[in-house]
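Here are the chains, one letter per residue:
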Amino acid sequence: MAAYLVEDTKKVTTGTLREMKRQQRKIAMLTSYDYTTAKIVDAAGIDIILVGDSAANVMAGCSTTLPITLDQIIYHAQSVVRGVKRAFVVCDMPFGSYQISAEDAVRNAVRIMKETGSDGVKLEGGVEILEAVKRIVNAGIPVMGHLGLTPQSINQFGTYGVRAKEEAEAAKLLSDARALEAAGCFALVVEKIPATLTQQVVAAVRIPVIGIGGGAADGQVLVVDDMLGKNADFKPKFLRRYADLHNIMLDAIGQYVCDVKTGDFPNASEQY
Ligand code: KIV
């Protein structure tokens, strides 16, 4: 079995994560959407599990993250939380659940916390969502920010390409990061931005910065199905594949089909 590092068995809190940044210990984060996967991810020593709105892509086959509803993400988060003992569980706030008004945002964040048992929520955007972030933080709910490529804005961006390559967008991202820290965010995700900009964000804020496609940061996040190689067609440059589940599953299921059709399964020891 591959070596893995479980730092300790104590529940991870925002305090643990702050301390990890201070001590320059890297934070490992992955998504999960279901009980069985979350249980394995947690047992392997992951510090943060994100119930990402990428569930819309990975679980439901949607082409963007926009369609997932509050009820649907709550169902995924409830399933994940049941499987987790140690990791800090963050639930994404779906598109439309925090952009309408700060009051609506805090109501929906409270609903997520009450109904799922998650440890915090994640919202995409900078100064545009600052009021919502402040209200949610004031309600006692840990908030993770998300800057750079924010997939809920794909219709504005037009592509999933690298963000903030131009000076003006990079400067806005840096000032958004500072504003989100000042508003009380406990951590930030930066997605698909130049590695040099990620370094500037890491240096500019005291809260942990978690990268995806942004080079070295205080920690890294990947979509669990992508790093396990479940989707053979998805191969962005930033993705490291740790398994080839697509072929493992294809072979295993193909063998099962064969065994059923030849009458090999079930055999005498597999029946009552
Ligand atoms: O929904 C998601 O999976 C995410 C990660 C890519 C950070 O937001």
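All values reported here derive from a predicted model rather than from experimental measurement. (Residues numbered from 1 in each chain as written. Predicted model: local features only at pLDDT ≥ 70, side-chain atom pairs only at ≥ 80, totals over all residues. Heavy atoms only, no water.)

Trainee: Can you walk me through the pairing of strand 2 (residues 48–51) in this structure?
Mentor: Of the two faces of strand 2, the one holding I48 and L50 and the one holding I49 and V51 are both buried throughout. Sheet topology note: the strand 1 (residues 27–31)/strand 2 ladder contains 3 bridges and is parallel. Paired with M29 across the two strands is I48, which belongs to strand 2. Bridge count between strand 2 and strand 3 (residues 88–92): 4 bridges; the pairing is parallel. Considered in strand 3, the bridge of V51 is made with C91. (Buried < 20%, exposed > 50% of the residue type's maximum accessible area, 1.4 Å probe, protein only. Helix = DSSP H or I, 4+ residues; strand = E, 2+ residues; numbered from the N terminus. Pairing = 2+ DSSP bridges.)

Trainee: Even after reading the chapter, I still don't get unusual backbone geometry, so can you show me in this structure?
Mentor: Leave glycine aside and you will find that most residues have negative phi; peptide bonds, for their part, are mostly trans. Cis peptide bonds are those with omega within 30 degrees of zero, and the linkage from F265 to P266 qualifies with 0°. The phi dihedral of Q24 is positive, around 55°, even though this residue is not glycine. Structurally, Q24 is set in the loop between helix 1 (14–22) and strand 1. Residue classification places Q24 among the exposed positions, given a relative accessible area of 71%. Phi at K192 takes a positive value of approximately 45°, unusual for a residue other than glycine. Here K192 shows up in the loop between strand 6 (187–191) and helix 9 (195–204).

Trainee: Even after reading the chapter, I still don't get helix 8 (residues 167–182), so can you show me in this structure?
Mentor: Because an α-helix completes one turn every 3.6 residues, residues spaced three or four positions apart along the sequence face the same direction. Taking 1.5 Å of rise per residue, 16 residues should cover 22 Å, and helix 8 covers 23 Å from first to last C-alpha, within 8% of that figure. Every buried residue belonging to helix 8 is among A170, L173, L174, D176, A177, A179 and L180, and all of these are buried. A positive backbone phi angle near 110° is found at G184, which sits one or two residues after helix 8. (Expected span 1.5 Å × (residues − 1).)

Trainee: Please clarify how the site of the ligand should be interpreted in this entry.
Mentor: The immediate surroundings of the ligand are formed by T31, L50, G52, D53, S54, D92, K122, H146, V189, E191, I212 and V223. S54 places a polar side-chain atom, nitrogen or oxygen, 2.5 Å from an oxygen atom of the ligand. Between the ligand and K122, the relevant distance is 2.9 Å, taken from an oxygen atom to a side-chain nitrogen or oxygen of the residue. Its free accessible area being 260 Å², the ligand has 95% of it covered by the protein chains. The class makeup of the residues in the shell around the ligand is 4 nonpolar, 4 polar and 4 charged. (Near = heavy atom within 4 Å. Polar contact = N/O pair within 3.5 Å; in protein donor to acceptor, adjacent residues only side chain to side chain. Areas by Shrake-Rupley, 256 points an atom, 1.4 Å probe, with all protein chains shown as cover. Nonpolar A, V, L, I, M, F, W, Y, C, P; charged D, E, K, R; others polar.)

Trainee: Can you walk me through the pattern of salt bridges in this structure?
Mentor: In a structure, side chains of opposite charge can pair up when their charged atoms sit close to one another. For the structure on display, the rule yields 13 salt bridges. Across the salt bridge formed by R22 and E19, the nearest N and O atoms sit 2.6 Å from each other. Of this pair, R22 and E19 both sit in helix 1, separated by 3 residues, roughly a single helical turn. For R22, a relative accessible area of 60% gives the class exposed. The partner of E169 in a salt bridge is R163, and the shortest N-O contact between them spans 3.1 Å. R163 gets classed as buried once you look at its relative accessible area, which sits at 16%. If you follow the salt bridges from partner to partner, you end up with D71, R111 and E115 in one network. (Salt bridge = Lys/Arg side-chain N within 4 Å of Asp/Glu carboxyl O.)

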